[in-house]
Amino acid sequence: MSQLLINEYLNELATLKRVSGANRESVVREAFKDLLKKWGKSQNLVFIPEHEFITTAKVRNYIDGALLHDLRVPFGYWEAKDADDDLDEEIAKKFRRGYPNTNIIFEDSVQAVLIQNGAEVIRCKTDDGPALQNLLELFFGWQRPEIAEFRKAIVQFKADLPAVLTELRRRIDEAQETNAAYQADAAAFLKQAKTAINPSVTADDVREMLIQHILTEDIFARVFGNDDFHRENNVAQALHRLDATFWRGDVKRQTLISGVGRNSWSTNT
């Protein structure tokens with residue numbers, strides 16, 4: 001498929017140059033844009049043209065294109081320049097303006113340069129099919145560090161899940177018998193759930209919902225450091241209040257230690 005997309009790009013680029021009689025960025029960049037869109041779509045990435053971003057100096061900028069991950073975070077960027085521009089000078093200029101340097105391609109329809117984590121990885125002529133394919137495979141093979149860690153966490157999480165579930169259910173059942181604050185909040189949440197979700201919701205359903213909430217929120221918070229990720233609606237807020245009466249301090253630490261292997265994400269992050 002990658003070879004097919006490269007060939008389509010080269011044909012489109014040649015056609016644009018021939019028909020328009022120009023090498024202007026606004027004309028020829030459409031070919032590379034289409035290449036990125038098609039390749040990105042095959043990897044569940046969404047291409048956003050004229051992507052807005054704010055630099056560390058709080059300056060608003062627009063980059064020619066960005067590919068967004070399905071987790072709604074930027075995966076990579078693309079900036080097109082005119083063939084008459086000095087590409088290296090333009091790259092330096094953009095970085096001085098605060099452009100992202102994590103995973104970005106600069107190209108002028110003559111050559112392409114891939115920068116990852118602030119360093120040049122590869123450059124090639126855009127009409128060199130194999131070299132361009134190599135550049136794009138490196139570009140699309142990159143992972144944001146937190147996304148990579150999240151995916152590692154998911155793999156480990158699946159392996160550890162049975163033990164975690166067993167320990168969490170035991171701990172929640174124990175809280176239901178001995179923790180007055182948990183009992184009150186669980187009863188309140190059950191009443192709310194019957195109204196907001198389904199009248200047939202039971203206490204056992206509440207327990208399973210609480211487990212799902214704890215595990216999902218905890219894994220995202222550990223990887224992304226985003227405590228508000230799952231607190232955006234009334235049910236989530238109520239679940240958070242419920243888990244606050246139970247899922248804290250030694251209970252949380254001991255559950256993760258006893259329910260998850262020592263080499264897993266939960267004890268290492």
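Read on for a plain summary of the structure. Note that the coordinates shown come from a computational prediction; the quantities given were computed from them, not determined experimentally.

Quick notes on the rules
- Residues numbered from 1 in each chain as written.
- Predicted model: local features only at pLDDT ≥ 70, side-chain atom pairs only at ≥ 80, totals over all residues.
- Heavy atoms only, no water.
- Core = buried A, V, L, I, M, F, W, Y, C linked by side-chain atoms within 4.5 Å.
- Buried < 20%, exposed > 50% of the residue type's maximum accessible area, 1.4 Å probe, protein only.
- Helix = DSSP H or I, 4+ residues; strand = E, 2+ residues; numbered from the N terminus.
- Contact = heavy atoms within 4.5 Å.
- Pairing = 2+ DSSP bridges.
- Expected span 1.5 Å × (residues − 1).
- Arc of directions from axis to C-beta.
- Polar contact = N/O pair within 3.5 Å; in protein donor to acceptor, adjacent residues only side chain to side chain.

**Details of the nonpolar core**
The tendency in soluble globular proteins is for nonpolar side chains to be buried side by side.
Part 1: Ranked by internal contacts, the top residues of the largest apolar core, which has 28 residues, are Phe-32, Leu-35, Leu-36, Ile-105, Leu-136 and Phe-140.
Part 2: Looking at this core, the elements that each hand over two or more residues are α1 (2–20), α2 (25–42), β3 (74–80), β5 (111–116), β6 (119–125) and α4 (129–141).
Part 3: Ignoring sequence-local partners within four residues, the contact set of Leu-35 consists of Leu-5, Ile-6, Tyr-9, Leu-132 and Leu-136.
Part 4: Among the nonpolar cores identified, the runner-up in size contains twelve residues, and Ile-63, Ile-104, Phe-106 and Ile-115 belong to it.

**Description of the environment of Ala-80**
Part 1: When you line up the elements, Ala-80 lands in strand β3.
Part 2: When its relative accessible area of 1% is taken as the criterion, Ala-80 is described as buried.
Part 3: Once the C-alpha coordinates of Ala-80 and Ile-105 are considered, the two residues, 25 residues apart in sequence, prove to be 8.3 Å apart.

**A closer look at the pairing of β5**
Part 1: By the criterion of burial, β5 is predominantly enclosed, with five of the six residues buried.
Part 2: Joining the antiparallel neighbours strand β4 (residues 103–107) and β5 is a turn of three residues, in which Ser-109 adopts a positive phi near 75°.
Part 3: Bridge analysis of β5 against β6 gives six bridges, and the strand direction is antiparallel. Bridging across to β6, Val-113 finds its partner in Arg-123.

**Notes on the side chain of Thr-55**
Part 1: Secondary-structure assignment places Thr-55 in the loop between β1 (46–54) and β2 (60–68).
Part 2: Not counting residues up to four positions away in its chain, the partners in contact with Thr-55 are Asn-61, Arg-97 and Gly-98.

**Looking at helix α6 (residues 180–196)**
Part 1: The end-to-end C-alpha distance of α6 is 24 Å, a good match for the 24 Å that 17 residues give at a rise of 1.5 Å each.
Part 2: Among the residues of α6, Tyr-182, Ala-186, Phe-189 and Ala-193 are the ones counted as buried. Taken end-on, α6 shows its buried residues confined to a sector of 70°, consistent with a single buried face. Away from the buried face of α6 by more than 90 degrees, exposed residues Ala-180, Lys-191 and Thr-195 are located.
Part 3: Regarding α6, its N-cap is Asn-179, as a side-chain oxygen of that residue lies 3.0 Å from the backbone nitrogen of Ala-181 further along.

**Looking at helix α3 (residues 87–96)**
Every α-helical turn comprises 3.6 residues, leaving residues that sit three or four positions apart pointing alike.
Part 1: Along α3, the residues classified as buried are Leu-87, Glu-90, Ile-91 and Lys-94. Along the axis of α3, the buried residues cluster in a sector spanning 100°; they form a single face.
Part 2: Summarising the contacts, the buried residues of α3 are in contact with β3, β4 and β5.
Part 3: If you check the start of α3, you find a side-chain oxygen 3.2 Å away from the backbone N of Asp-88, and it comes from Asp-86.
Part 4: Among the residues trailing α3, Gly-98 stands out with phi positive, at a value near 95°.

These figures come from the coordinates and say nothing about function on their own.
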